[in-house]
Amino acid sequence: IDHQSGLFQLVRDMDYTTLRNNVITLAKVARIAKIPTITTASVPDGPNGPIIPEIHQSNPDAVHVPRNGPINAWDHRPFVEAIESTKRKTLLIAGTLTSICMALPALSALAEGYKVFCIVDASGNLSQMATDLTIARVTQAGAMPIDTFALMSEVMKTWDRPEAMDFAK
């Protein structure tokens, strides 16, 4: 959610390259594992900028839901409808900024009965303190914070699978 070039410039809790690489890794893992992927961007023609192109380059099957207005992606009905159409009840959410773009939809999804994993190292924030507060907030609400490579390992499960080397790349 909102992995946009303008928002990346606000990130101070991790270096830009790490954040970008983790986001791209998630896109690739989702493609390999055939996990439905939905992207959205807040005001892409404004200061937040467009979504980084590597997401859709790495996962051409990802569905993009345009959004202008709502800060919380969950408040945009077409975004929620795209999620509902997957018939999945477990969500993997990453977003820049962590305390807004990741946290607000995660809290909303939890309130509607979804199981939510928040991928913290693919969600940059204004400060480490803001990230720490956000992790506490979403965890208390029932979300499970996770990092990119732990998520990849849980999705992959075993090296004894035909696409194991795709995960390794």
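Rules behind the numbers
Residues numbered from 1 in each chain as written. Predicted model: local features only at pLDDT ≥ 70, side-chain atom pairs only at ≥ 80, totals over all residues. Heavy atoms only, no water. Helix = DSSP H or I, 4+ residues; strand = E, 2+ residues; numbered from the N terminus. Rg over C-alpha atoms; globule rule 2.2 N^0.38 Å. Buried < 20%, exposed > 50% of the residue type's maximum accessible area, 1.4 Å probe, protein only. Contact = heavy atoms within 4.5 Å. Areas by Shrake-Rupley, 256 points an atom, 1.4 Å probe, with all protein chains shown as cover. Lys, Arg positive; Asp, Glu negative; His and termini not counted. Charge placed at Lys NZ, Arg CZ, Asp CG, Glu CD. Salt bridge = Lys/Arg side-chain N within 4 Å of Asp/Glu carboxyl O. 1 Å grid on protein atoms, 1.4 Å probe; cavity = no way out; pocket = protein on both sides within 12 Å on 5 of 7 lines; lining within 4 Å. Points joined across faces, edges and corners; volume = space filled by probe spheres on them. Nonpolar A, V, L, I, M, F, W, Y, C, P; charged D, E, K, R; others polar. Core = buried A, V, L, I, M, F, W, Y, C linked by side-chain atoms within 4.5 Å. Axes fitted to C-alpha atoms, helices over the stretch in contact; angles between N-to-C directions. Parallel < 35°, antiparallel > 145°, perpendicular 65-115°, else oblique.

> For this particular structure, what's the right way to read the overall build of the chain?
Of regular secondary structure, the chain possesses eight helices and five strands. Reading the chain from its N terminus to its C terminus gives the helix and strand order α-α-β-α-β-α-β-α-β-α-β-α-α. Relative to its length of 169 residues, the chain is compact, with a C-alpha radius of gyration of 15 Å against a globular reference of 15 Å. Summarising its shape, the C-alpha atoms of the chain cover approximately 45 × 35 × 30 Å along the three principal directions. Per-residue burial for the chain yields a buried fraction of 50% across its 169 residues. Look at the contacts in the chain between residues 6 or more apart in sequence, and 76% of them connect residues 24 or more apart. Total accessible area on the chain stands at roughly 8,500 Å², and carbon and sulfur atoms take up 57% of it. In the chain, which carries 15 positive and 17 negative side-chain charges, the distance between the mean positions of the two groups comes to 5 Å.

> Could you clarify how one ought to interpret the pattern of salt bridges in this entry?
When the charged atoms of two side chains with opposite charge come close together, those side chains can pair. What the rule picks out here adds up to five salt bridges. Residue R20 is joined to E54 by a salt bridge in which the shortest nitrogen-to-oxygen separation is 2.9 Å. You can see R20 sitting in helix 2 (residues 16-33) and its partner E54 sitting in helix 3 (residues 54-58), a full 34 residues away along the chain. For R20, a relative accessible area of 16% corresponds to the buried category. Put simply, R77 and E84 hold a salt bridge, and the shortest N to O gap is 3.0 Å. Residues joined by salt bridges that share partners form a network here, namely R77, E81 and E84.

> What's the story with the layout of surface pockets in this structure? I'm lost.
Leftover empty space is mapped by rolling, across the atoms, a probe with the size of a water molecule. Estimates place the volume of the largest pocket at around 770 Å³. Looking at the largest pocket, it is lined by 31 residues, and the ones nearest its centre are I35, P36, L91, L92 and I93. Of all the secondary-structure elements, those providing two or more residues to the lining of the largest pocket are helix 2, strand 1 (38-42), helix 4 (77-85), strand 3 (90-93), strand 4 (115-119) and helix 7 (148-156). The dominant element in the lining of the largest pocket, judged by the number of residues it contributes, is helix 2, at five residues. Residues of the lining of the largest pocket, tallied by class, amount to 21 nonpolar, six polar and four charged. In this structure, the second largest pocket is lined by I24, T25, K28, V29, R31, I32, F149, M152, D166, F167, A168 and K169. Class assignment of the residues belonging to the lining of the second largest pocket gives a composition of seven nonpolar, one polar and four charged.

> Help me out: how do you make sense of the nonpolar core in this one?
Buried together is how nonpolar side chains tend to be arranged in soluble globular proteins. Counting 24 residues, the largest nonpolar core has W74, F79 and V116 as the members making the most contacts within it. Of all the elements in the fold, those that place two or more residues in this core are helix 4, strand 3, helix 5 (98-111) and strand 4. It is helix 5 that provides the largest number of residues to this core, a total of seven residues. Setting aside chain neighbours within four positions, we find W74 in contact with F79, V80, I83, L91, P105, S108, A109, E112 and Y114.

> Just to check I follow, could you spell out the packing of helix 2 against helix 7 for this structure?
The description of two helices packed together rests on the angle between their axes and the distance between the axes. Interaxial distance between helix 2 and helix 7 falls to 10 Å at its minimum, and their mutual angle equals 10 degrees. Considering the angle they form, helix 2 stands roughly parallel to helix 7. In this structure, helix 2 uses N22, T25, L26, V29 and A33 to contact helix 7, whose residues at the interface are T148, F149, L151, M152 and V155. Partitioned by chemical class, the residues of the contact of helix 2 with helix 7 number seven nonpolar, three polar and no charged.

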